[in-house]
Amino acid sequence: MAVKIRLKRMGKIRTAIYRVVVMDSRTKRDGRAIEEIGKYDPNQEPSLIEIDMERADYWVAQGAQPTEAVAALLKHYKDGTLKVAEPKTSKKDLYEAAVAAAGKAEADGGAATTPRKKAAAKKADEAPVAADTEGSTAAAESTDADADASADKA
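The rules behind each value
- The written sequence of each chain sets the order in which its residues are numbered from 1.
- In keeping with the predicted nature of the model, local features appear solely for residues at pLDDT of at least 70, side-chain atom pairs appear and are counted solely at 80 or more, and the whole-chain, interface and lining totals rest on all residues.
- Calculation of side-chain values draws on the structure's entire complement of heavy atoms; hydrogens and water are dropped beforehand.
- Numbering of helices and strands runs from the N terminus; a helix is a DSSP stretch of H or I covering at least four residues, while a strand is a stretch of E covering at least two.
- Partly exposed residues are those whose accessible area sits between 20% and 50% of the maximum for their type, while under 20% is buried and over 50% is exposed, using a 1.4 Å probe and protein chains only.
- In this analysis, two residues are considered to be in contact whenever any of their non-hydrogen atoms come within 4.5 Å of each other.
- Here the open area of atoms and residues is found with the Shrake-Rupley method and a 1.4 Å probe, where only the protein chains shown may cover a residue.
- In this description, strands pair whenever DSSP reports at least two bridges between them.
- To obtain each axis, a line is fitted to C-alpha atoms, and for helices this fit is confined to the stretch in contact; angles are then taken between N-to-C directions over 0 to 180 degrees.
- Oblique is the label for every angle not falling under 35 degrees (roughly parallel), over 145 degrees (roughly antiparallel), or within 65 to 115 degrees (roughly perpendicular).
- By convention, the crossing between two helices is left-handed when the near helix turns anticlockwise from the far helix through less than a right angle, and right-handed when the turn is clockwise.
- Each residue gets one label: Ala, Val, Leu, Ile, Met, Phe, Trp, Tyr, Cys and Pro are nonpolar, Asp, Glu, Lys and Arg are charged, and the others, such as Gly, are polar.

> Explain the overall build of the protein chain residue by residue, including any values.
Scanning the protein chain from terminus to terminus reveals four helices and five strands. Seen in sequence order, the protein chain has helices and strands lined up from the N terminus as β-β-β-β-α-β-α-α-α. Within the protein chain, the proportion of its 154 residues that are buried is 18%. In the protein chain, once contacts between residues fewer than 6 apart in sequence are set aside, the share between residues at least 24 apart is 34%. Put simply, the protein chain shows about 12000 Å² of open surface, and 54% of that area lies on carbon and sulfur atoms.

See the structure below:
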């Protein structure tokens, strides 16, 4: 039986993810594998390559032939020429940074960050003064209306 180490395609239509598998050369591309020994995701930046080198060496020693693509991946993996993605900051650290930034903004005077909020804050500060003047004229008009109504009845 001719055994090959090749890629098995997985994932969505335009977002392919591959598994590095050991399988009989006569099986279809996505058919049943003897063993899965790694992953390859070319969509990430840098590409994700994870291969169990002990199992790959074992299968090569048993006579399995890697395809050209897998041979290139094995070469990159053995040489250590892989680009490694920077570790992502945890959500907890991002949250704490956001809370610290919000606390700093409140310490600066609690100023609004958008023009709309600033305008609303100014209107809210001016509104009670304007309401008092409007209220007194409205009260005077209602008093005049009451007097006119009582004069009409009499």
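Moving on, there is more to tell.
> For the sheet that holds strand 1 (residues 3-11), give the residues involved together with the corresponding values.
Ordered in space as 4-3-2-1-5, the five strands form an open sheet in which the pairing is mixed. Of all the strands in the sheet, just strand 4 (48-51) and strand 5 (65-66) have a single pairing partner and so form its edges. Pairing of strand 1 with strand 2 (residues 16-24), which is carried by nine bridges, proceeds in the antiparallel orientation. When the bridges of strand 2 are listed, Gly 11 appears paired with Ala 16.

> Please set out the packing of helix 1 (residues 53-61) against helix 2 (residues 68-79) residue by residue, giving values where relevant.
In helix packing, the relevant descriptors are the interaxial angle and the interaxial distance, both defined with respect to the helix axes. Across the interface, helix 1 lies against helix 2 with an axial gap of 12 Å and an inter-helix angle of 130°. The orientation of helix 1 relative to helix 2 falls into the category oblique. Seen from above, helix 1 lies across helix 2 with left-handed handedness. Within the contact between the two elements, helix 1 uses Met 53, Ala 56 and Asp 57 and helix 2 uses Leu 74, Tyr 77 and Lys 78. Of the residues contributing to the contact of helix 1 with helix 2, the split by class is four nonpolar, no polar and two charged.

> Residues and numbers for the pairing of strand 3 (residues 35-41), please.
Of all the seven residues making up strand 3, five are buried; the element is thus mostly covered by neighbouring parts of the structure. Note: strand 2 against strand 3, five bridges, orientation antiparallel. Directly across from Val 21, in strand 3, lies its bridge partner Glu 36. Pairing of strand 3 with strand 4 involves four bridges; the strand directions are antiparallel. Among the inter-strand pairings, Lys 39 is bridged to a residue of strand 4, identified as Glu 50. Here strand 3 hands over to strand 4 after six residues, the two strands then running antiparallel side by side.

All quantities given are derived from atomic positions and should not be read as evidence of function.
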